[in-house]
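Given next are the chains, with one letter for each unit.
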Amino acid sequence: KAGVTQTPRYLIKTRGQQVTLSCSPISGHRSVSWYQQTPGQGLQFLFEYFSETQRNKGNFPGRFSGRQFSNSRSEMNVSTLELGDSALYLCASSRDSNYGYTFGSGTRLTVV
Amino acid sequence: KNEVEQSPQNLTAQEGEFITINCSYSVGISALHWLQQHPGGGIVSLFMLSSGKKKHGRLIATINIQEKHSSLHITASHPRDSAVYICAVSHNTNAGKSTFGDGTTLTVKP
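All of these numbers come straight from a predicted model, not from anything done at the bench.

### Observations regarding the environment of B:Asn64
Residues and elements named next belong to chain B.
Part 1 of the reasoning: By the element assignment, Asn64 lies in strand 7 (residues 59-64).
Part 2 of the reasoning: It is 18 Å that separates the C-alpha atoms of Asn64 and Thr99, two residues lying 35 residues apart in sequence.
Part 3 of the reasoning: Within the structure, Asn64 has its side chain in polar contact with the backbone nitrogen of Gln66 (distance 3.1 Å).
Part 4 of the reasoning: Among the polar contacts listed, one links the side chain of Asn64 to the backbone nitrogen of Glu67, at a separation of 2.9 Å.

This is the structure in structure tokens:
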């Protein structure tokens, strides 16, 4: 069965631009969570979507947003990029919050 | 103080040694996860625990809900176990929200 697919794998953007990252969960998984990983802050929770609704949000500014489609695929968007947004962005999917989750390989975003 | 604390931060062991990584948390949880991350970024979910103990091959994870503490043990460690091990908790008051420890970097020398 296919795993969690994140696209693109690598991305270079300029400060001030906006970016959209995509995550396709495992078939049947309705929960998709997004995380940011940086060397200084480690893994941090961004938000979680379940059945097209955002259930939880971490402590990130409003420039970070997301959405989930009816097929459970999810996108996250970062507007007005800052240098500090350079990170590995990971998504994970699960059937629901009480089930284990599976991570994608991540999108490495570099803001220059 | 972080909601999830891991120790040690770094660990170096000789091949064959028994390894223990600890995780303490301060929030109410519905589950605790142990994750493994190899260089290059890929994360693998090793265990999800809500009580007791789980075993998979040479890996054992335990959790004590009353003490808010979990341990990950690796028996007969091998260089391929070298990775960052991360403890994460799923909050019981906010379904789907997770908080992560800072990770333990394990190096197993041959």
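There is more to say, and it comes next.
### Considering the state of the cysteines
Residue and element names in this part refer to chain A.
Part 1 of the reasoning: A full pass over the atoms with the stated rule returns two disulfides over all chains.
Part 2 of the reasoning: Bridging Cys23 to Cys91, the disulfide has an S-S length of 1.8 Å. Handedness of the Cys23-Cys91 disulfide follows from its S-S torsion of about 65°: it is right-handed. With a gap of 68 residues between them, Cys23 in strand 3 (residues 19-24) and Cys91 in strand 9 (residues 87-94) connect regions that are remote in the sequence. Both residues of the pair, Cys23 and Cys91, belong to the buried class.

### Observations concerning the sheet that holds strand 3 of chain A
Residues and elements named next belong to chain A.
Part 1 of the reasoning: Spatial ordering of the open sheet is given by 1-3-8-7, a layout of four strands whose pairing is antiparallel. Every interior strand has two partners, whereas the edge strands, strand 1 (5-7) and strand 7 (64-68), have only one. Strand-to-strand twist across the sheet, computed as the mean angle between neighbouring axes with direction ignored, equals 15°.

### Brief notes about the pairing of strand 1 (residues 4-7) of chain B
All names here are of chain B.
Part 1 of the reasoning: Residues of strand 1 alternate between two faces, with Val4 and Gln6 buried on one and Glu5 and Ser7 left unburied on the opposite face.
Part 2 of the reasoning: Pairing of strand 1 with strand 3 (residues 19-25), which is carried by four bridges, proceeds in the antiparallel orientation. Bridging from a neighbouring strand, Gln6 pairs with Cys23 of strand 3.

### Considerations on the sheet that holds strand 6 (residues 52-56) of chain B
Residue and element names in this part refer to chain B.
Part 1 of the reasoning: Spatially, five strands are ordered 1-3-8-7-6 in an open sheet, and the strand pairing comes out antiparallel. Sheet topology places strand 1 and strand 6 at the edges, where each strand pairs with a single neighbour. In this sheet, neighbouring strand axes are inclined to one another by 15° on average, regardless of whether the strands run parallel or antiparallel.

### Describing the side chain of A:Ser72
All names here are of chain A.
Part 1 of the reasoning: Position of Ser72 among the secondary structure elements: in the loop between strand 7 and strand 8 (74-78).
Part 2 of the reasoning: For Ser72, a relative accessible area of 12% gives the class buried.
Part 3 of the reasoning: In this view, Ser72 contacts Pro25, His29, Arg30 and Val32; residues no more than four positions away in its chain are not counted.

### Observations regarding the nonpolar core
Part 1 of the reasoning: Counting residues in hydrophobic clusters, the biggest one holds 23 residues, and the most contacted among them are B:Leu32 and B:Trp34.
Part 2 of the reasoning: Of all hydrophobic cores here, the second largest spans 21 residues; its members include A:Val4, A:Ile26, A:Val32 and A:Leu109.

### Details of unusual backbone geometry
Note: most peptide bonds trans; most residues except glycine with negative phi.
Part 1 of the reasoning: Along the chain, A:Thr7 connects to A:Pro8 via a cis peptide bond; the corresponding omega equals -10°.
Part 2 of the reasoning: Secondary-structure assignment places A:Pro8 in the loop between strand 1 and strand 2 (10-13).
Part 3 of the reasoning: Phi is positive for A:Glu52, which is not a glycine, with a value near 70°.
Part 4 of the reasoning: Residue placement: A:Glu52 occurs in the loop between strand 5 (42-50) and strand 6 (53-57).
Part 5 of the reasoning: Of the residues examined, A:Glu52 reaches a relative accessible area of 47% and is grouped as partly exposed.
Part 6 of the reasoning: Non-glycine residue B:Ala76 carries a positive phi angle of around 45°.
Part 7 of the reasoning: Tracing the chain through its elements places B:Ala76 in the loop between strand 8 (69-74) and strand 9 (83-91).
Part 8 of the reasoning: In this structure B:Ala76 comes out as partly exposed when scored by relative accessible area, which is 44%.

### Description of the pairing of strand 8 of chain A
Residues and elements named next belong to chain A.
Part 1 of the reasoning: Where burial is concerned, most of strand 8 is hidden: five out of the five residues are buried.
Part 2 of the reasoning: Residue alternation in strand 8 divides its side chains into two sets, Ser74, Met76 and Val78 and Glu75 and Asn77, and both sets are buried.
Part 3 of the reasoning: Strand direction decides the pairing type here: strand 3 and strand 8, joined by five bridges, are antiparallel. Note on strand 8: the bridge partner recorded for Leu21 is Met76.
Part 4 of the reasoning: The pairing of strand 7 with strand 8 spans five bridges and is classified as antiparallel. The partner of Ser65 across the bridge, within strand 8, is Asn77.
Part 5 of the reasoning: The antiparallel pairing of strand 7 with strand 8 creates a hairpin that spans five residues between the two strands, and Ser72 there sits at a positive phi of about 75°.

The rules behind these values
- Residues numbered from 1 in each chain as written.
- Chains lettered and ligands numbered in written order.
- Predicted model: local features only at pLDDT ≥ 70, side-chain atom pairs only at ≥ 80, totals over all residues.
- Heavy atoms only, no water.
- Helix = DSSP H or I, 4+ residues; strand = E, 2+ residues; numbered from the N terminus.
- Polar contact = N/O pair within 3.5 Å; in protein donor to acceptor, adjacent residues only side chain to side chain.
- Disulfide = S-S within 2.5 Å.
- Buried < 20%, exposed > 50% of the residue type's maximum accessible area, 1.4 Å probe, protein only.
- Pairing = 2+ DSSP bridges.
- Axes fitted to C-alpha atoms, helices over the stretch in contact; angles between N-to-C directions.
- Contact = heavy atoms within 4.5 Å.
- Core = buried A, V, L, I, M, F, W, Y, C linked by side-chain atoms within 4.5 Å.

Distances and angles like these do not, on their own, reveal function.
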